[in-house]
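# Residue-level structure breakdown
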Amino acid sequence: MEVTEKTIHLEDKDFLYFIGYNDQLLQVIENKFNTLITLRGSSLVLKGSPEEVKSIEAIFKELGYIHRRSGTISDNDLSTVLELMTEEDTTVRARSKSSNPDEIVVYHSAKGPIKTKNLKQVEYVKKVAENDIVFAIGPAGTGKTFLAVAMALAELKKNRIEKIILSRPAVETGESLGFLPGDLKEKLDPYLKPLTDALYYMLSSEKLKTYSEKNIIEIIPLAYMRGRTLSNAFIILDEAQNATITQMKMFLTRMGNNSKVIVTGDITQIDLQNPEDCGLINANKLLQNIEGIAFVYFDEKDVVRHKLVARIIKAYQDEAESKQLQKQQKEKNSDKT
């Protein structure tokens, strides 16, 4: 993608003071684009695609005119200017004109549009739009986490939320956390990397760094969620099959006003010492009939990675089902005797 850098010199001192004072104004505009906006002295530095830089330049020109005319800029003024200067961008767009029923544009990333790839993903995106909590359950490679991050960024871009929280249980899968090298952050990085990979795909490194420094995007282990109330946020819990029942209850009750929650996991990949304490399986039983909570179930047919991934998943599922049948048969035989 072509990247350009443009400096806008602000000669209007009152407007310059207003922008510096009202950092939220810059944040609202920046959320709308993939372009990085930096205030340096009496200038704004824009770094992004030529088309976006041109649009942002026009936005600040119009806002400067409004400020000179009225001495301030209201939220309504800002919303009106943004609507006029940018194309309408919704989390769940109408299906594209290509007439492909599997395709919904979820988010316009730095590398192009993030789209759904099958009908199950379409169902997923729609349920997130219609509900406050959505559980996405199914095997790896079905796009559960990737689409969740895309939907979160889309909500941030429309300024419907103020922050994104990404979390995972730090469950050891063969290597002890305490024996890994480095400080706590370095020890936890391997557990959280799948989330950062999705973010790096959709955001420029500069933009992600800015969001992280401002705590607009937080990536934290599940244990660090205790005691918090998360309002105006999009909250994602990944690998939820490794959360205990107590942890799942704690996580779901962190939800504050004007927030959305997505919980993703694969109940065939539980790494807990006691699988019966799986919070995802428990939630799947307890929360089915609560209004505002929805469930989406993926299977190997919905895998969007390499075609071999679906075959591998199917082979393991067949083996697990065969073992389960053998176990049931043994139990029946023992009951007869």
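The numbering scheme is per chain: residues are counted from 1 as the chain's sequence reads. Residue-level local features of this predicted model are given only where pLDDT is at least 70; pairs of side-chain atoms are given and counted only at 80 or more, and the full residue set underlies all totals for whole chains, interfaces and linings. Side-chain metrics in this entry use all non-hydrogen atoms of the structure; hydrogen atoms and water are not considered.

### What to know about the packing of helix α3 (residues 50–70) against helix α4 (residues 75–85)
Selection criterion: Helix axes are fitted only over the stretch in contact, all axes being lines through C-alpha atoms; the angle between N-to-C directions runs from 0 to 180 degrees. A run of DSSP states H or I qualifies as a helix once it reaches four residues; a run of E qualifies as a strand once it reaches two. Both are numbered from the N-terminal end. Handedness of a helix crossing follows the sense of rotation of the near helix relative to the far helix, less than a right angle counterclockwise being left-handed and clockwise being right-handed. Here, two residues are considered to be in contact whenever any of their heavy atoms come within 4.5 Å of each other. Note on residue categories: nonpolar means Ala, Val, Leu, Ile, Met, Phe, Trp, Tyr, Cys or Pro, charged means Asp, Glu, Lys or Arg, and polar means any other residue, Gly included.
Across the interface, α3 lies against α4 with an axial gap of 10 Å and an inter-helix angle of 145°. Of the two elements, α3 crosses α4, and the hand of that crossing is right-handed. Of α4, the residues touching α3 (which contributes S55, A58, I59, E62, L63 and I66) are D77, L78, V81, L82 and M85. Its residues placed into classes, the contact of α3 with α4 shows eight nonpolar, one polar and two charged.

### Some words on unusual backbone geometry
Across the chain, the bulk of peptide bonds are trans and the bulk of non-glycine residues have phi less than zero. Positive phi, normally seen in glycine, also occurs at N215, with a value near 60°. Structurally, N215 is set in the loop between α8 (205–213) and β8 (217–221). For N258, which is not a glycine, the phi torsion comes out positive at approximately 55°. Of note, N258 is situated in the loop between α9 (245–252) and β10 (260–265).

### Let's talk about the nonpolar core
Defined as follows: We call a set of buried Ala, Val, Leu, Ile, Met, Phe, Trp, Tyr and Cys residues a nonpolar core when their side-chain atoms join them within 4.5 Å. With a 1.4 Å probe rolled over the protein chains alone, any residue whose accessible area is under 20% of its type maximum counts as buried; one over 50% counts as exposed, and the rest are partly exposed.
Ranked by size, the top nonpolar core spans 35 residues in total, and within it Y107, Y124, M151, L153, I164, I217 and F234 carry the most contacts. Among the elements that take part in this core, helix α6 (residues 144–157) stands out by supplying nine residues, more than any other.

### Side note on the sheet that holds β8
Here is the rule: By definition, two strands form a pair when at least two bridges between them are found by DSSP.
Strand order in the open sheet formed by six strands is β8-β7-β9-β10-β6-β11, and the pairing between neighbours is parallel. What marks the edges here is a single partner per strand, and that holds for β8 and β11 (293–297). Here the strands of the sheet are splayed against their neighbours by 15° on average, with no regard to which way each runs. Taken together, the five bridges between strand β7 (residues 163–168) and strand β9 (residues 233–237) define a ladder with parallel strand orientation. Paired with S167 across the two strands is L237, which belongs to β9. Packed on one face of the sheet, helix α5 (residues 119–130) meets β6 (133–137), β9, β10 and β11 and runs near 170° to β11. Most of the contacts of α9 go to β10, to which it runs at about 155°, and overall it touches β6, β9 and β10.

Fair warning: the whole summary comes from geometry, so function is off the table for now.
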